[in-house]
Every structure is written in C-alpha cells, then in structure tokens.
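Examining the three-dimensional arrangement
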Amino acid sequence: MPSPVVLHELSSPAVPRVSSFTSTTATGEVLSLKLDSNSVTEKLPWGGYLEVETFGISFSPYHRLFGIVFISNMAVLIVLFIYGADSQRLGLITVTNIFIAILMRQDYVVNALFAIFTSVPPSWPLWFRLLMARVYHLGGVHSGAAVSGTIWLAALAAQVMKEYVHGDGISVATVAVTWVILVFLAGIVTFAYPSFRSKSHNTFERIHRFLGWTVTALVWVQLVLLTKDWTAGGFLGYALLHSTAFWLMIVSTVSLALPWTRLRKIPVRSVVLSDHAVRLFVDYKVFGFKPAPQPGSFSRISLDPFNEWHAFANFPAGDWTTKVISDPPKEVWIRGTPVFGVLRVNIMFRRVVFVATGSGIGPIAPCLLEQRQPCRLLWTGSNIRKTFGNELVNTVLEAEPGAVLYDTRIHGRPDMVKLTYKIVQDFEAEAVVVISNEPLTKKLVYDLMSRGIPAFGAIWDS
C-alpha cells in the first residue's frame, strides 16, 4: 500500500511557482516529481485550515469533581463543628477520606470504573457518552478526598488534644501519633501541588510513595491507640473487629500492597529507533498468566523500582527515555496490571480523530491497529520516518491509510487548533483524542470543547 503523498511548495517572487511532490514507498524509497503550477491544482490535506475561527474556554471536570468532594466534606465539617463531634467520629471520617483517596488510584478499581463507564454503546445520546467519558478525571476524587482527609485529620488532632487536656481518656501516645501523621500527610499534599509535581516529578513520586506508606502504618497505630482509649479497658480485639475504620484500613492496605505483589524483573528487548525514540518488547507471566493489555491502557516500568516509575503504552518520553536509548536495558521491573487511561474512551464514539505530536503516536498506535471504528490520524513531528523508523510508520499507515502526517521540518509549526478542527470537519468526526505535551493538549481540548466537539487528553494529575 503506497504511503500518502506529502506536498510542499517551492515559490519565489521572480519565478513561476513549482510544486514538488514526494512520496515514500513501503521500503523507504523516496520518489519525487515536479510539476508547473499551471498544469496542476495543488491541495494540501489541511489546505485552508488557517481560515478557521477558534476560541478557548477554561473547562476542567477534574476540578469540578475535586470541588464536589471537597465542598461536601467541608459542609459536613461545619455541621459537626456546630453540633459537636468526638475524636472517634472524626477519626472515622478521616479514615474514610483516606480510603477513598487510595481506592481512586488502585489499578483494579480504575479498570473496573473504566469498564463500567465506557460500556455505554455508541448508539446512545452523545451528551450522555460525553458525560461517561469523563471517567478519566477520577483523579479529582482522589485529590479531593486526600485534601479533605488532611483537614479532617487537623480537626482530629485538635480534638484529641482537647480530650487529653480535659482528661477524657485520650492517651499522650494517641495525641503524639496523630500530630505526626498530620505533619506527614500535609507534606504529601504540599509536594503534590501541580507546579511542584511537574518541576520535580521524581521527588514528588518518592515523597508520595514513602510518606504514604509511613502514614498508612501510623494510621494503623493511631487506630489501635484510639480504639484502646475508647474501650476503657474493654476487649481491644472485639472493638477493632466491630470498627468500621478497621475494615476500611484493611481494604486500603491491601489496595496499596496488591500492585507490589506483582512486582517482577523481566527480560526486555530494546529497539532504538533514533536518538528520540525506543521500542521495548516484553513477554512475561504473573501468577502463571500473561497480562492482556488492551488498546488505551498503560503499564508501569522501571529500572529502579523504589525510586521512579514510568507509564508505558508503546514507548515512553522524557529524561528517563534518553537514558534508555543511550544504554538500552536487558531487564526492567514491571509492577501491577495494565491500567486504562484517557485513550480508552475512544471506544464510545462512532468516528474519532486521533491527534499525536511526536512520540504521542506510541499510545495511539494500538487504538489505530484495533480498527474498532472509522478514525483519522493527525501526526505532526519533525522528520517522522527518520525519528520513528519505516517499520512503525508503515504499520500506522497500513492501519490508517488516510492519516495526515504533517512534517514540521518542511511546513513549519502549524496552528494545531485550526488544523485539528479542519480535519474534524472534513472527516465528520464525533470526538477527538489528543496525546501531546501538556500546554498543547490543554489548548486543543479547551478550544475544541468550546466549539461543541467532545475532546479528550491527558490531565497530568499523577
């Protein structure tokens, strides 16, 4: 199957315009032909896209979910401040929020939620499918519960101090452990602030992991101490077994530990495509079964499992990739199970435009190969074949012969919003999924949504 024709103009005020047509065959051979503009009418696949008018809005379901969780918690907190609450009740609400925050990041819970929400048939009303597709913003529930839990813990710390001072049976150990947990949990929330997280992601990840484990252990200690204080010499084991907080902590602890029970060091075959891209091939079993990743899912891979992890679709991006390219590994660590991400929502729509810039083709390629519905690919990058290799490019083009490959080295940087909108109109697409850098992803999603086009992209919340 021949590759799509790539066109670029050679013009000068002093000479007639000439068009240069170049086509790359499946073997990588470049064919070229020059034609006078008087004998042919040129038409780029994206011709006229700059005439499209666009505008942007601020739109974030993630923050809406955060707001719902946070405001609901604060409303309950105000009511309890008015009518009063003891340390046992405040402790239960604190543990409940921590429980919710942990579950919203648990691999199997995330996959279950994606399976439920994306099971909506494409024949259902578009507004309802758009609502269900926002499942990938569930991180807003995680952060809302985590921040709320920290505030509830501050209220608990003040209450146990009050009860200790008044001689209501609270021990000094309970007070001390509660305040230590508060300091650590406040540290986790502080270092998870988006600006810090984006600038120092590895530091954020280590703090989140190690302080998170420490807080979980300390909450267990606090739960036992607080239950012991409230039983006043009664049978501690019986009281714990009949405590809601105890069972919430059981589930939370298992949820945290479960992915690490599937930690494996496995052989990997690395194929360096260029100094910008690498493909990693793995074949392994967990508990005797081979994981079956589906299009739109990612796996976590690491060279140093206690310090940094990277989510992979087909290949990664960032400084870690540079190290992998320059020194391809023979073994890598892999943890947990493949987890669904934003790309999974594409199955809910009849016709989809996928937008990839550079290495963004990695996560998108499996969705193209699945050929679940008619789709169109817009892939922009500099010297795409040289960067990603003929094999990958030809595979993509075989799956999507109508793909628009925009070479920025030849045509310069495009107005991505207008270019995408033009392709959406021409293809009569129902939705757009974007895999790019953070600023461009946000701009595309916001601007397309402002024009009534369902658009989805990563939200960089972890």
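Along every chain, residues carry numbers that run from 1 in the direction the sequence is written. Owing to the predicted nature of the model, reporting of local features is limited to residues with pLDDT of at least 70; listing and counting of side-chain atom pairs is limited to 80 or more, with chain, interface and lining totals taken over all residues. The basis for the side-chain values is all heavy atoms of the structure; hydrogens and waters are excluded.

**Regarding the state of the cysteines**
Going by this rule: We call a pair of cysteine sulfur atoms a disulfide whenever their separation is within 2.5 Å.
Inspection of every chain in the model, using the stated rule, returns 0 disulfides. Counting only cysteine sulfurs, cysteine 375 is the nearest neighbor of cysteine 367, a cysteine outside any disulfide, at a range of 8.7 Å.

**Describing the confidence of the model for the chain**
The condition that has to hold: Per residue, pLDDT measures the predictor's confidence, with a range of 0 to 100. Any pair of residues with heavy atoms lying within 4.5 Å of one another is described as a contacting pair.
When pLDDT is averaged along the chain, the result is 80, and 79% of the positions lie at 70 or above. Per-residue pLDDT stays below 50 along residues 1-43; that stretch engages in 69 contacts with residues further than four places along the chain or on separate chains. Within the model, pLDDT remains below 50 along residues 314-320, and this stretch shows 21 contacts once partners closer than five positions in the same chain are excluded.

**Quick word on the sheet that holds strand E11 (residues 404-407)**
By definition, the strands of a sheet pair up through backbone hydrogen bonds, in either a parallel or an antiparallel sense. Operational definition: Pairing between strands requires that DSSP locate at least two bridges from one strand to the other. In this text, helices come from DSSP runs of H or I with a minimum length of four residues, and strands from runs of E with a minimum of two, each type numbered from the N-terminal end. Axes here mean lines fitted to C-alpha atoms, for a helix over just the part in contact, with angles spanning 0 to 180 degrees between N-to-C directions.
Sheet architecture is open: 5 strands sit in the order E11-E10-E9-E12-E13, paired in parallel fashion. Two strands lie at the open edges of the sheet, namely E11 and strand E13 (455-457), each paired on one side alone. Across the sheet, the mean angle from the axis of one strand to that of its neighbour is 15°, orientation sign disregarded.

**Notes on the packing of helix H2 (residues 87-103) against helix H10 (residues 244-261)**
Counted only if it meets this: Every angle not falling under 35 degrees, over 145, or within 65 to 115 is termed oblique; those three ranges are roughly parallel, roughly antiparallel and roughly perpendicular. By convention the crossing between two helices is left-handed if the near helix lies anticlockwise of the far one by an angle smaller than a right angle, and right-handed if it lies clockwise. Throughout this entry, Asp, Glu, Lys and Arg are counted as charged residues, while Ala, Val, Leu, Ile, Met, Phe, Trp, Tyr, Cys and Pro are counted as nonpolar. The remaining residues, Gly among them, count as polar.
Relative to each other, H2 and H10 sit at 25°, their axes nearing to 9 Å. With respect to H10, the axis of H2 lies roughly parallel. Between H2 and H10 lies a crossing of left-handed hand. Facing H2, whose interface residues are Leu92, Val95, Thr96, Phe99, Ile102 and Leu103, H10 presents Thr244, Ala245, Leu248, Met249, Val251, Ser252, Ser255 and Leu256. Here the contact of H2 with H10 is composed, by residue class, of 10 nonpolar, 4 polar and no charged.

**With respect to the pattern of salt bridges**
This is how it is decided: The rule for a salt bridge is simple: a side-chain nitrogen of Lys or Arg has to be within 4 Å of a carboxyl oxygen of Asp or Glu. For every residue, the accessible area (1.4 Å probe, protein chains only) is compared with the maximum for its type, and the residue is labelled buried under 20%, exposed over 50%, or partly exposed between those bounds.
A full pass over the atoms with the stated rule returns 9 salt bridges. For arginine 300, the salt bridge goes to aspartate 107, with nearest N and O atoms at 2.9 Å. Of the two residues, arginine 300 sits in strand E6 (residues 297-304) while aspartate 107 sits in helix H3 (residues 107-117), which places them 193 residues apart along the sequence. The exposure class of aspartate 107 is buried, given its relative accessible area of 4%. Here lysine 442 ties to glutamate 438 by a salt bridge, and the two come within 2.9 Å at their closest N and O atoms. One end of the pair, lysine 442, and the other, glutamate 438, are both in helix H17 (residues 438-450), 4 residues apart, so they sit about a helical turn from each other.

**Details of a nonpolar patch on the surface**
Here is the rule: Every patch collects residues that have over 30% relative accessible area and no salt bridge, joining them within 9 Å if they carry like charges and within 5 Å if they are nonpolar side chains (Val, Leu, Ile, Met, Phe, Trp, Tyr). Every accessible area reported is derived by Shrake-Rupley at a probe size of 1.4 Å, with residue values counting cover from the shown protein chains alone.
On the surface, Tyr108, Leu241, Trp247, Ile250, Val251, Val254 and Leu258 cluster together into a nonpolar patch covering about 590 Å² of accessible area. No other element matches H10, which puts 5 residues into the nonpolar patch. Secondary-structure assignment places tyrosine 108 in helix H3. On the basis of relative accessibility, which here comes to 36%, the residue tyrosine 108 falls in the partly exposed class.

**Notes on the pairing of E11**
By the alternation rule, side chains of E11 split into Val404 and Tyr406 and Leu405 and Asp407, which are all buried. Bridge analysis of strand E10 (residues 375-381) against E11 gives 4 bridges, and the strand direction is parallel. Directly across from threonine 380, in E11, lies its bridge partner tyrosine 406.

**Description of H17**
Think of an α-helix as turning once every 3.6 residues; residues three or four places apart then point the same way. For clarity, the threshold we go by: Expected helix span is computed as 1.5 Å times (number of residues minus one). Polar contacts here mean pairs of N or O atoms no more than 3.5 Å apart (in protein, one a potential hydrogen donor and the other a potential acceptor; neighbouring residues in sequence count only if both atoms are side-chain atoms).
In this model, H17 (13 residues) spans 18 Å end to end at C-alpha, consistent with the 18 Å of a helix rising 1.5 Å per residue. Every buried residue of H17 is listed here: Leu440, Thr441, Leu444, Val445, Asp447, Leu448, Met449 and Ser450. Where H17 begins, one side-chain oxygen reaches toward the backbone nitrogen of leucine 440, 2.9 Å away; that side chain belongs to asparagine 437. Backbone geometry just downstream of H17 places glycine 452 in the positive-phi region, at approximately 80°.

**Some points on H2**
The end-to-end C-alpha distance of H2, which contains 17 residues, comes to 24 Å, matching closely the 24 Å that a straight helix rising 1.5 Å per residue would cover. Across the 17 residues of H2, 12 count as buried, placing the element largely inside the fold. Every buried residue belonging to H2 is among Ser87, Leu90, Gly91, Ile93, Thr94, Val95, Asn97, Ile98, Phe99, Ala101, Ile102 and Leu103, and all of these are buried. Looking at the packing, one finds that the buried side of H2 touches helix H1 (61-83), H3, helix H5 (139-165), helix H8 (201-231) and H10. N-capping of H2 is provided by aspartate 86, with a side-chain oxygen placed 3.2 Å from the backbone N of glutamine 88.

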